[in-house]
Amino acid sequence: MDSGTDGFLPPPECPVFEPTWAEFRDPLDYIAKIRPIAEKSGICKIRPPADWQPPFAVEVDNFKFTPRIQRLNELEAETRVKLNYLDQIAKFWEFQGSSLKIPNVERRILDLYSLSKIVMEEGGYEAICKDRRWARVAQRLRYPPGKNIGSLLRSHYERIIYPYEMFQSGANLVCNTHPFDSEDKDKEYKPHSIPLRQSLQPSKFSSYSRRAKWRQPDPVPTEEDIKKNPELKKLQIYGAGPKMMGLGLMAKDKTLRKKDKEGIICPHAITMKEEPSGDGKVMLTLPKEDLNHNLEPCTKRTRRLQKNHCSAQFIDSYVCRICSRGDEDDKLLLCDGCDDNYHIFCLLPPLPEIPRGVWRCPKCIMAECKRLPEAFGFEQATQEYTLQSFGEMADSFKADYFNMPVHMVPTELVEKEFWRLVSSIEEDVTVEYGADIHSKEFGSGFPVASSKGNLSPEEEEYATSGWNLNVMPVLDRSVLCHINADISGMKVPWLYVGMVFSAFCWHIEDHWSYSINYLHWGEPKTWYGVPSLAAEHLEEVMKRLTPELFDSQPDLLHQLVTLMNPNTLMSHGVPVVRTNQCAGEFVITFPRAYHSGFNQGYNFAEAVNFCTADWLPAGRQCIEHYRRLRRYCVFSHEELICKMAAFPEKLDLNMALAVHKEMFIMVQEERRLRKALLEKGITEAEREAFELLPDDERQCIKCKTTCFLSALACYDCPDGLVCLSHINDLCKCSSSRQYLRYRYTLDELPTMLHKLKVRAESFDSWANKVRMALEVEDGRKRSFEELRALESEARERRFPNSELLQRLKNCLNEAEACVSQVLRLVSGQKARVETPQLTLTELQVLLEQMGSLPCAMHQIRDVKGVLEQVEAYQADARKALGSLSPSLGLLRSLLERGQQLGVEVPEAHQLQQQMEQARWLDEVKQALAPTAQKGSLVIMQALLVTGTKVASSPSVDKARAELQELLTIAECWEEKAHFCLKDRQKHSPATLEAIIHEAENIPVYLPNIQALKDALTKAQAWIADVDEIQNGDHYPCLDDLEGLVAVGRDLPVGLEELRQLELQVLTAHSWREKASKTFLKKNSFYTLLEVLCPCVDASSDGNRRSRWMERELGLCISDTELLGLSAQDLRDPGSVIVAFKEGEQKEKEGILQLRRTNSAKPSPLASSTTAASATSICVCGQVPAGVGALQCDLCQEWFHGGCVSVPRLLSSQRPSLTSSPLLAWWEWDTKFLCPLCMRSRRPRLETILALLVALQRLPVRLPEGEALQCLTERAIGWQGRARQVLASEDVTALLGQLAEVRQQLQAEPRLEELPTQLSAPAFEPLRGGGSKDMPKVQGLLENRDRMTCPEEVALAQDPNLDLLSSLLPQLSGPVLELSEETRAPLEELMLEGDLLEVTLDENYSIWQLLQAGQPPDLKRIRTLLELEKPEHQGSRTRVRTLEKRQRRQQKVDLGRNSKDLQEELEAKKARSSGVKPEEQEFVEEAEHENILLTPTDHSPILKGNRNSLQQKDSDPMISLPSLTPLLHLSYPRHQVL
């Protein structure tokens, strides 16, 4: 059929298998399992489990290959025949001086080959013309009737084909040498020259060579040749690679051929030799040597005879081949092909003159046209690709061809287009295919285990998998594992890199072995397969349809170069299947199954062969087939069998049995052949180790079979040998010179056969016993024990899992099942009750089954006895059911009797119905009895469901109606209760009590009603707890209230008290949050309670530091736990006060001990101090050393200045520059407390008192409130003692002296006169009293009060840093002389004040006195100056950005009117979430109190000092009465603290 015209119809799909993981573990077992099904199709597809995804192991960067070139329309057999025919006819007309032009008929190119073939089948040109059957020819060519196409076909045939056909037949014709001059519309044919361009020379002696090798390319045509031949330009084949010859690279002179209008159309006249035939007639024939003459390459030479040749012999050779005369040598024409001579007037038609260019005689033309084509094969590409470059080329080709993305092209479209292209004569599409790439050289796509051992666990798993194509051929049960050589493509996988349309042609595997192909990735690969039973049919069809190809290449199907459309094969009765192999899928081909296919796009596949035990007979048949075809073998089948037979213990039983059968046949054949050798008289022999010889040295010269067991050789002809099947084809030498070369003697072969038999005979003997027992061949059934013994023997001897063993196991299982059923029938009552009863039908089937089993079973008598009892019981039951009113006792006794039978009798069902009705009515009566316990709703529903299954009767129907009504009422109340439990709108306790009271009258237990009752009980208990707390003598703790709120929220009851408790908890949390913001630093690791409590663990710096680091990790215990306060102690105010007082004393003692310890450490600022000698550790974990280290004034520990917050020298609050001269260095803020000592923000006392005022309004007790009260008492007590000391006479005098010194500094010349450039000489004018730049400095200091951020302050003070640095040499001290009696109480107060987490003015005053009483600490001042400079430099840019933002914000604010602002505030207030009126009132109060909580600026130090001096004569506690009462208002119901 013409598939290209009618379209392609896909064949049916092949079987597809999806193994489970259990089946997938052993590949050979699974393939053997599916073989009965898959072998019928020839090929099958296997989808591995989804999780089986081997990694791609090819080194992509190093993978380079050279593909093959495939021209699609040259692959298909019928198309190739047509192209060869067109090439021949084109060559014929080219020799006539014309180019072939193929005419168009009905808008399609005329198929000249089919036209010629149909004309021959119809009887030839003359017969068709005589009978006028050209219309039939047109019909067979599938042209529409009625358009006079037959006459047109006749015209084309006479013009193009008929001269060529007549010329080949050897007739004398005078043809039109220019038949195409008038056909301008015909398409000029471009010759393919397939055999010459893609010629193939099979390798003759290649070792284990599976594919034919390529011939060397012909010389590349020169540029001159290409210019002269326009056809060569159009073909574009003048690159590297093989070239076709005979294309006509010489110039043609078309003027020498003239059209003869007078004669009929015929070829040039050829004078034939007249030979008498047997009947006296004269036959016109060409000499045989002329017909077989092969043309040689043409060379340009003169056509005229040279007159200077004087040799007579030379002169005789120049005679005309037609008239045999040598006269008129100026008209004698010399053939460029054979050098024969012809007179130009002796030719038909005669030539008017000597032609120019190449000229060949009619004999050469005939020989060239009749020459058989050479073997067809693929040519190799010239470009080397990587995977990436090949993929880019392949994807680009496919996308351009189909004009859509490659992944969107349907596979059906590609398939139809492929078969259209391979059948097309007009379209020449060329693709490239990277086929048969050796994995040993380029690397396998699967992971391969190597000695390096660098595989990952996942790769190791796949490297050892049986489905790995490197492993499968060498599995223990694979035949190929016994071949030592690495046969490329059979034992070692081959790789395939495909693109769209690249194809693999029809073929079967070498030695008819299995093959397996795995597609690693890429687009699908389409396969076609033919089962082995139809292999010969396929070969016959292809030879019948294309005999021309097989005549020139008999082993064409073994070269993998020929396709044939599956539809064509199917139309001739060949069964064909197809499949699309996707990435990650296997395709398996079975022995002698022809298969072919093509690639849908860019992909990467890997394939290998394998052989199993069932292949051995097919392998032997393949060798015989190869012998008939004289085809080379890949390996010696005899050698393989003998090698396996030499080690039978390594074979499993299936393999041993198969090898034994093959070995037996082989030994018998060897005996016969050697006997024939003796009969011929050849007696000499010598042993030969054939396995050590190369294959080409032991191949039969006749059939090419590789010899192993024996061969015949000759002493006189050592270059060749033959197998014993061709002993007459060795040589012509005498038999006495011939001798036998053998591998084993005839005595050694039976020994090897016996070893195999010993290995396999145990299985055969066992199999015979099993077969005889299962088929009861001797008429005696074996006992069950005998069959069990046979099954145990197979297990002990590890016999293979054969079909016979499976039958035996099935028989035993069936017998065991029968015995088990019989035992249940005849066993006791307990076993009968627990196991389901048999039906009467099943009992009868059981009896028949036991009788049909091949084993004798004595339990059959028991079954027959049970059957008799059942029949008797049926008779009694029918009699009882037939009576009008059977007694209940009779029915019960019959039921008990039926149960004892163990068999389900139909009559027992009716008895059971009557019993079930009575039983159910009794259950309903008991459930609804007033004295009975309430049953649950589920029980009642189950009782109703059971009632629906009971057979209907009046009493049953009435009971069902009453029960249904009761359940409806109960479900209604249950739904109400469920609604109350789940509804968001909780109901009051009174509503729930009413529902519960009404539901108590229902005689059913309702779970939701009970849950509602439990919830109401819990709610009442919760209300009682709330009343107890509300009516108690003390305020409740926050933890207690939070617990009550959490419990109340979970209850499904509406509680009025819950809202009040939630409000109290909310206000308590709000106060705690404000207190935390007041005390805690940003990102502090301390809790509020820890900050308020004294640090009792201050004695050890190591403990403090480790606790600091643990706080960062959240591992440290709190200070409250160090105080010894448990959760219960925090509820007792007395315990908190006592613990706080004890903690104050411990904190003071601990800090004193720590100061002594740290003071003994060497100073990091000393030049002799190194990191190794210093013992101080900074918070960063490093040792502080050198410049930049600061010492804490409280704990005396050293720290890096960059790791902690340091004071600013001029950040202290002063009213003006006049009252705070710069030279008053004791007022500079140089006091430094480390982060371990200063744990909080230390708010002022006024802020804390505001918190206490807010605390007294809370009806809740908080541990933080009690701790804050203790801290406030401690701070007020210290303030009183400090004021008392500051009011003493000595201290008052010291303060007066300090004021005088300040006045003296103010009286000195102002700093405005300082020069702008503060250098070393500038200090003299400073002392002299004059500076004109002082206003700048003063202005910067005065602007300090208007700056709102640290960056602005730092920027404003930036000039002061240089000024302060210049003033350091002028600083002197001490300013005051403090006696030891005066200094000691001040230092003690200073220590206690630094421990307080409160800021007090008295603390700063005492610090100034102590500073003035000692020399200025220049080292610390310099350190602070150095630490401040980087901060000021980085702050300037931020300040400018901040100023720009402020200016933009001011413009926006000015654009708003007051009305908009008021509306926005009201909207924001209205959007506050979830705050009730009570909560809103509290929030407003808290906002008002927040004003008091905001830390206020410190009053000036000197002003505070004056206040202290004014109060020196008064009681130091005069100012305290207004503060102390606040400490007692928070807890009015407790004891006064």
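Look a little higher up for the structure.
A quick note: this is a predicted structure, and the numbers were derived from the prediction, not measured.

The rules behind these values
Residues numbered from 1 in each chain as written. Predicted model: local features only at pLDDT ≥ 70, side-chain atom pairs only at ≥ 80, totals over all residues. Heavy atoms only, no water. Axes fitted to C-alpha atoms, helices over the stretch in contact; angles between N-to-C directions. Helix = DSSP H or I, 4+ residues; strand = E, 2+ residues; numbered from the N terminus. Parallel < 35°, antiparallel > 145°, perpendicular 65-115°, else oblique. Left-handed = near helix turned anticlockwise from the far one by under 90°. Contact = heavy atoms within 4.5 Å. Phe/Tyr/Trp six-rings, centres within 6.5 Å; stacked < 30°, edge-to-face > 60°. Buried < 20%, exposed > 50% of the residue type's maximum accessible area, 1.4 Å probe, protein only. Lys NZ or Arg CZ within 6 Å of the ring centre and 35° of its normal. Arc of directions from axis to C-beta. Core = buried A, V, L, I, M, F, W, Y, C linked by side-chain atoms within 4.5 Å. Pairing = 2+ DSSP bridges.

Draft legend 1. Spotlight on the packing of helix 26 (residues 784-796) against helix 27 (residues 803-826). Running from N to C, helix 26 and helix 27 cross one another at 140°; their axes reach a closest spacing of 10 Å. It follows from the interaxial angle that helix 26 and helix 27 lie oblique. Considering the relative orientation of helix 26 and helix 27, their crossing is left-handed. Across the interface between the two elements, F784, L787, R788, L790, E791 and A794 from helix 26 touch L805, L808, K809, C811, L812, A815 and E816 from helix 27.

Draft legend 2. The arrangement of the packing of aromatic side chains in detail. Under the defined criterion, the tally for this structure stands at 47 aromatic pairs. Centre to centre, the rings of F402 and F501 are 5.9 Å apart; their planes meet at 50°, and the pair counts as tilted. Note that F402 is positioned in helix 15 (residues 387-402) and F501 in the loop between strand 16 (494-498) and strand 17 (503-507), a separation of 99 residues in sequence. Side by side, F402 and F501 carry an identical accessibility label, which is buried. One aromatic cluster is present, built from ring pairs that chain together F8, F397, Y401, F402, F418, W419, F501, Y528 and F598. Over the ring of Y626 we find R631; its NZ or CZ atom is 4.7 Å from the centre of that ring. Here the basic side chain of K650 rests over the ring of F647, its NZ or CZ set 4.8 Å away from the ring centre.

Draft legend 3. Up close: unusual backbone geometry. Located in the positive-phi region is R592, a residue other than glycine, with phi close to 55°. Mapped onto the elements of the fold, R592 is located in the loop between strand 21 (586-589) and strand 22 (594-599). A positive phi angle, near 55°, is found at R630, a position not held by glycine. Tracing the chain through its elements places R630 in the loop between helix 22 (616-629) and helix 23 (637-646).

Draft legend 4. Helix 19 (residues 535-545), seen in detail. Restricting attention to buried positions, one finds in helix 19 the residues A535, L538, E539, V541, M542 and L545. Seen along its axis, helix 19 keeps its buried residues to an arc of 165°; they face one direction.

Draft legend 5. Quick look at the nonpolar core. If you look at the biggest cluster of nonpolar residues, it comprises 125 residues, and the most contacted ones within it are W1071, F1079, C1192, F1199, I1406 and L1409. For L1409, the contacting residues outside a window of four places in its chain are L1286, V1291, L1294, L1295, L1298, L1376, L1378 and L1386. Residues F8, A90, I109 and I160 belong to the second largest nonpolar core, which totals 93 residues.

Draft legend 6. Structural context of the pairing of strand 23 (residues 603-610). Of all 8 residues in strand 23, 8 are buried; the element is thus mostly enclosed. What you see with strand 23 is no split at all: N603, A605, A607 and N609 on one side and F604, E606, V608 and F610 on the other are buried throughout. Two elements, strand 16 and strand 23, share 5 bridges in a ladder whose sense is antiparallel. When the bridges of strand 23 are listed, Y496 appears paired with A605.

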